Amino acid sequence: MSRHRTLVAGLAAAVALTALTACSSSTKKTNDGGSGAKKDGGVYTSIDANNQITAGAPMNPFNAAPNSFLGYNQMRLGFDKFNPSDPNDLFPGLAASWTASDAGLTVQLQPNAKWSDGTPVTVADIKTSLAIAYTQGTAGPVAGAGSTIVLGTNFEVSDIKDLGGGKIEIDQVPGAKNLYFQRLVLSATIVNDKVYSGLLPADIWTLIGAVQGSDQAAAKTASDKLTALGKTIAAFAPAKDVSAGPFVLTRVGPGEALLDRNQYFFAVDKIAPKQVILRHYTGNQQIWGFMTNGELDSSPYTSMPTNILDQILKAGYTRTDAPSYVSASIAFNEKQAPYDKTPVRQALAHIIDRDAVTKVGEPVGGIPAPYTTGLIGSQTDAFLSDDQKAALNAYKPDAAKAASLLQGAGFTKDGSGQWHLPDGSPWTITLQTVNGFSDWIAASTIVANELTAFGIKTTPAITADFATYQKEMAAGKYAVGWWLTALGPQTDKAYNRIYGTADGFSIVNGKAVHSDTSAVNWQHTPATYTVNGQTIDPGQLTADLSVTPVADQKPIIAQLAAATNQELPMIQIWNYTKVGFYTEKHFTNFPKSGADALLLNQPGVWMMQGFVQAK
Amino acid sequence: MTGFARRLAGKLLAGLVMVWVVVTFTFFLVHALPGKPGDVQYESYIMQGFSPEEARAKVAAVYGFTSHDPLLGQYLGYLGKLLRGDLGESTYYSGVPVSHLISSALPWTVLPVLSGLVVSFLIGVVAGVVAAVKRSSRWGGLLSVSGSLVAGVPSFVLALLLLLVFHTEWHLLPDAGTSDITLEPGWSPAYVGSVVQHAVLPVVSYALLSYGGWLLAMKSSVVTVLGDDFILASELRGLAPVTRARYIGRNAILPLFTVLALSFGVMFAGSFFIEQTFDYPGLGELLLKSIGVRDYPVMAGAFLLITVAIIAANIVADLCYTLIDPRVRR
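Once a new chain begins, its residue numbering starts again from 1 and follows that chain's sequence as written. All chains are assigned letters beginning at A, and all ligands numbers beginning at 1, according to the order in which they are written. Residues qualify for local features only when their pLDDT is at least 70, as the model is predicted, and side-chain atom pairs are given and counted only at 80 or more; totals for whole chains, interfaces and linings, by contrast, use all residues.

An unreviewed UniProt entry lists chain B under the name ABC transporter permease, from Catenulispora yoronensis. UniProt positions are given in the numbering used here, feature names are shortened, and annotations may be inferred rather than shown by experiment. Turning to chain B, the UniProt annotation filed under Sequence similarities (unreviewed entry) states: "Belongs to the binding-protein-dependent transport system permease family."

If you check an unreviewed UniProt entry, chain A appears there as Solute-binding protein family 5 domain-containing protein from Catenulispora yoronensis. Database annotation for chain A, UniProt heading Sequence similarities (unreviewed entry): "Belongs to the bacterial solute-binding protein 5 family." Looking at chain A in UniProt, the text filed under Subcellular location (unreviewed entry) is "Cell envelope".

So, in structure tokens, the structure goes:
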């Protein structure tokens, strides 16, 4: 071929490629779903905050990072409303209704509950799914857990009976008293028996029975078998998605997942979108970009600065706010002086201006913490009386008070304004944060400025990644660092975060045991506190919370809140708000601010409840 | 055995030794990272409302693929598996074969990087020749400046600029993804067109990033060759300009050939910044994510792929160099 011909051939190929490109899909991803799709509601585009999407990951909800999307193609009997005053409050899922009893739970399945292959959801599906929960660490005392099971955390099922007509009785193990049995069972992932039962041995319930039995050797053998089964199940890669949810996974590309509406879904008339596209993302910036370009119908919580918020609102999005039950705090390692002294921690709380720090760290999704009680502000308001709240120290910025506390603890200030430790050496602080937590990093700068201006030279330091942060924190390498606390909405979990393993407490047969030498104890607080003249055991109170009905928790919470507020194992800086966004460009009737229970769930759950309608 | 076969066998043997050394080094290096598989997932479960006991039990279940054997035993087991062509099982993805994860990500790195490399090489080399030959003219100077400018721009700045212009402002090209997910994958014109369309910005980014390097290297090489005696002699002998250009090109491109061959190997590392900016998930992202979650088998597998690719490219470059430059064979 001559050079001339080669050139012509090359040009022809380029033209063909250009034509091909022009024939392909539009350059800007739209939600119109093509001609005629609008009648069907079109394509709903969003992001699954708990699932970044990886091509090659299995369509198996039991995998650690699956291509399975809760509320869309991953179903439960019910969906948690995250109601702090009633932890057993759920939206109906595959269960249309349920009744709790002393024996356990009676569930009525949705009358038309079907899988995407057209077959009905049966008792066998529920039984297989609950058996799988025993292999996945969400039910029963699973081998390898390495700790004693606390009543109220894992569910224990002894029998599942088919009462006919889609009614199922799920019995709790006799003697087990789990306050959250209903929520835990209803929140279990339900999978198709025909797809998953082949992975389970025929004697699976005999194994589960052995685990629950008193013969320790038999229980250990059975536990080992369940653990081995757990590995097989987690690695399982079904060839095709069989979903009982409103959507079924059609395909997963490296950048997106495509789900089609499940024509057999029990409430398909409520599901407006014909398809759902879930976008892959690696960080906040991408989500911001998708929204400023108007490409998402709704977005999950994303931390952002105010200028990005303005751009997103300008792009036509409406903001929604829901409580997040998470607090950003500065925690201490009390094994390292001078943080073993309560007045020191109290002085630091008086120096840090939480309003100013929040304005920089989390201006959109943060509310300055009104109290340090171990709970977010609204929970403190709900559980404490006005008198109890009035007795709390708000730790308002007060340099004089801070100076007085420090002087009382033997600290001195030199002529240059620098504070010195009681041994005379200059007091410096390294405030540890972690790469990727942009809000903590930004906030650290302000905290450091405030402390340095007060006379305590403070330097923010960033750990490379979270795995390293946890490792080094547990190893006691950080004296002062950021930490997420107030993890609710269950109050026992919020307090377990402070007075749990990170603080040397473990629960053995309902009793709290404190170990200052535990490998994961990095806070090193004392085993007991003296509050208002009374000695309290925060670990035991936390353990008691997990077996106390919410209605009876107030006296326990009052003690824990007062102790936490006085002793400050950490200083709560801001409480997060779950800020979400939606646009009504393609769909309407989105849940608004105030609909907390819905907003804390995925859009698939909104749709099941009749929200998100075609325009 | 012929000389070529001997050379090939020698290089392959040396390559194997090098692969073993790198594999050993990376195996112990990744295990030396602080933190362990499951640490991050544990925190994620806590954030999702699990109690510490539940979260630990769940991590123990889904991270059951984390080996608890002594490190030396793990290393020997890993080598044994490698010899059988088995890269092991991911811990983060609960037992999914590493080869499956890598092969799923690989095309989305090779496609844009290879295309970008070829495009930038062709344009950069031609522009480099022009910049050298016309180095005293305004055009030559402009070309050289363009190479220096582009070579100095960081990848994420360049990618963001392209995104701003071609997607946000002009709506000409998609901002993210590898194709339109609503299209059935296959060889249909619509799907292939969509893949091409989505690849344009990443390819242009990769091409622009390396264009400057090729241009400047080629210019420098051509200028050196232009000063050689044999070029002066060819001019004095009255050889046609086309013939002289062929002499110049063949001699000047030799140093670039080695770099090109090595670039084919390096491309398997991908570029996280470009993959992230265009949400074009390839090996770069898989590797970075696996580091974040301490997925040792995926990290080791990705490093192995990069190592083997670079060593193979090196061997191919060495062997081909002897073919294209007869002086090396003497």
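Trainee: How should the overall build of chain B be read in this particular structure?
Mentor: By the criteria applied, helices consist of DSSP H or I runs no shorter than four residues and strands consist of E runs no shorter than two, each listed in order from the N terminus. Of regular secondary structure, chain B possesses 16 helices and 0 strands. Projected onto its principal axes, the C-alpha coordinates of chain B cover approximately 85 × 60 × 40 Å. Counting other C-beta atoms within 10 Å of a residue's own tells you its class, since 20 or more makes it buried, 12 or fewer makes it exposed, and anything in between is partly exposed; those C-beta atoms are placed from the backbone. Here chain B holds 330 residues, and 45% of them are scored as buried. Here the analysis covers contacts within chain B between residues at least 6 apart in sequence; of these, 72% occur between residues at least 24 apart. Remark: residues whose backbone-derived C-beta atoms lie within 7 Å of one another are considered to be in contact.

Trainee: Which parts of the structure should I look at to understand the overall build of chain A?
Mentor: What chain A contains, in helices and strands, is 20 helices and 27 strands. The quantity called the radius of gyration is restricted to C-alpha atoms. Its globule counterpart is 2.2 Å times the number of residues to the power 0.38. Radius of gyration (C-alpha) of chain A: 27 Å, near the 25 Å computed for a compact globule of 615 residues. Over its C-alpha atoms, taken along the principal directions, chain A stretches across nearly 85 × 75 × 50 Å. Here chain A, with 615 residues, has 53% of them falling under the buried criterion. In chain A, the proportion of contacts linking residues at least 24 apart, taken out of those at least 6 apart, comes to 68%.

Trainee: I'm lost on the environment of Arg 244 of chain B in this one. Help?
Mentor: Residues and elements named next belong to chain B. Relative to the elements of secondary structure, Arg 244 occurs in helix H11 (residues 241-252). By C-beta crowding, Arg 244 is classed as partly exposed, having 16 other C-beta atoms within 10 Å. Residues Arg 244 and Leu 226, spaced 18 residues apart in sequence, show a C-alpha to C-alpha distance of 9.8 Å. For Arg 244, the residues in contact, after removing those within four places along its chain, are Ile 231, Ser 234, Glu 235 and Leu 239.

Trainee: Sorry if this is basic, but what is going on with the packing of helix H12 (residues 254-266) of chain B against helix H15 (residues 296-324) of chain B here?
Mentor: The angle between the axes and the distance between the axes are what describe a pair of packed helices. Residue and element names in this part refer to chain B. Interaxial angle, 0 to 180 degrees, is taken between N-to-C directions of lines fitted to C-alpha atoms, where a helix line uses only the stretch in contact. Two elements in contact, H12 and H15, have axes separated by 8 Å at closest approach and are oriented at 155°. Between H12 and H15, the interaxial angle falls into the category roughly antiparallel. Remark: the crossing between H12 and H15 carries right-handed chirality. Where H12 approaches H15, its residues Phe 257, Thr 258, Ala 261, Leu 262, Phe 264, Gly 265 and Val 266 are matched on the opposing element by Ala 309, Ile 310, Ala 312, Ala 313, Asn 314, Val 316, Ala 317, Cys 320, Tyr 321 and Ile 324. Each residue gets one of three labels, nonpolar for Ala, Val, Leu, Ile, Met, Phe, Trp, Tyr, Cys and Pro, charged for Asp, Glu, Lys and Arg, and polar for the others, Gly among them. Partitioning the contact of H12 with H15 into residue classes produces 14 nonpolar, 3 polar and no charged. Any angle between 65 and 115 degrees counts as roughly perpendicular, while under 35 counts as roughly parallel, over 145 as roughly antiparallel, and the rest as oblique. Two helices crossing with the near one rotated counterclockwise from the far one by less than a right angle form a left-handed crossing, whereas a clockwise rotation gives a right-handed crossing.

Trainee: Would you explain the sheet that holds strand S6 (residues 104-109) of chain A in this entry?
Mentor: Neighbouring strands of a sheet are bound in pairs by backbone hydrogen bonds; such pairs are parallel or else antiparallel. All names here are of chain A. Two strands qualify as a pair provided DSSP detects at least 2 bridges between them. Reading across from one edge, S5-S6-S8-S7 is the order of the 4 strands in this open sheet, with antiparallel pairing throughout. Whereas interior strands pair on both sides, the edge strands pair on one side only; in this sheet they are strand S5 (95-100) and strand S7 (157-164). If you compare each strand with its neighbour and ignore which way they point, the axes differ by 20° on average. Pairing analysis gives 5 bridges linking S6 to strand S8 (residues 167-172), with the strands arranged antiparallel. When the bridges of S8 are listed, Thr 106 appears paired with Glu 169. Together, S7 and S8 form the strand contacts of helix H2 (residues 123-135), whose direction differs from that of S7 by roughly 170°.

Trainee: Teacher, can you tell me more about the UniProt feature "transmembrane region" (unreviewed entry) in chain B here?
Mentor: All names here are of chain B. As annotated in UniProt, the feature "transmembrane region" (unreviewed entry) corresponds to residues 12-33, 110-133, 145-166, 186-209, 253-274 and 298-324 in the numbering used here. Across residues 12-33 one finds 95% helix and 0% strand; the C-alpha atoms that close the span lie 31 Å apart. Across residues 110-133, helical content stands at 100% and strand content at 0%; the span's end C-alpha atoms are separated by 34 Å.

Trainee: Is there a simple way to think about the sheet that holds strand S11 (residues 256-261) of chain A in this case?
Mentor: All names here are of chain A. Taking strand neighbours across the sheet as the criterion, the 4 strands line up as S1-S12-S11-S10 in an open arrangement whose pairing is mixed. The open sheet has two free edges, formed respectively by strand S1 (43-46) and strand S10 (247-252), since each of these has just one partner strand. For this sheet the average axis-to-axis angle between neighbouring strands, irrespective of direction, equals 25°. One ladder, built from 5 bridges, connects S11 with strand S12 (residues 275-279); its direction is antiparallel. Looking at the pairing, Leu 258 lines up with Ile 277 of S12.

Trainee: What is the right way to read the domain arrangement of chain A from this model?
Mentor: Residue and element names in this part refer to chain A. The split into domains, and so the bounds of each, comes from an automatic or database assignment of domains. Domain parsing of chain A yields domain 1 (32-60 + 245-316 + 584-615), domain 2 (75-237) and domain 3 (324-576). Between domain 1 and domain 2, the residue contacts involve 12 residues of the former and 15 residues of the latter. Its residues placed into classes, the side of domain 1 that touches domain 2 shows 7 nonpolar, 5 polar and no charged.

Trainee: Would you mind showing me how to read the nonpolar core here?
Mentor: General note: in soluble globular proteins, nonpolar side chains tend to be found buried as a group. Leu 94 of chain A together with Ala 302 of chain B are the most contacted members of the largest nonpolar core, which has 168 residues in total. It is helix H9 (residues 189-226) of chain B that provides the largest number of residues to this core, a total of 15 residues. Inspection of this core shows a minimum of three residues originating in each of domain 1 (32-60 + 245-316 + 584-615) and domain 2 (75-237) of chain A. Ignoring any residue separated from it by four or fewer positions in sequence, one finds Ala 302 of chain B in contact with Ile 102, Leu 283, Leu 286, Leu 287 and Ser 290 of chain B. Note on terminology: a nonpolar core is a set of buried residues of type Ala, Val, Leu, Ile, Met, Phe, Trp, Tyr or Cys, with members joined through C-beta atoms within 7 Å.

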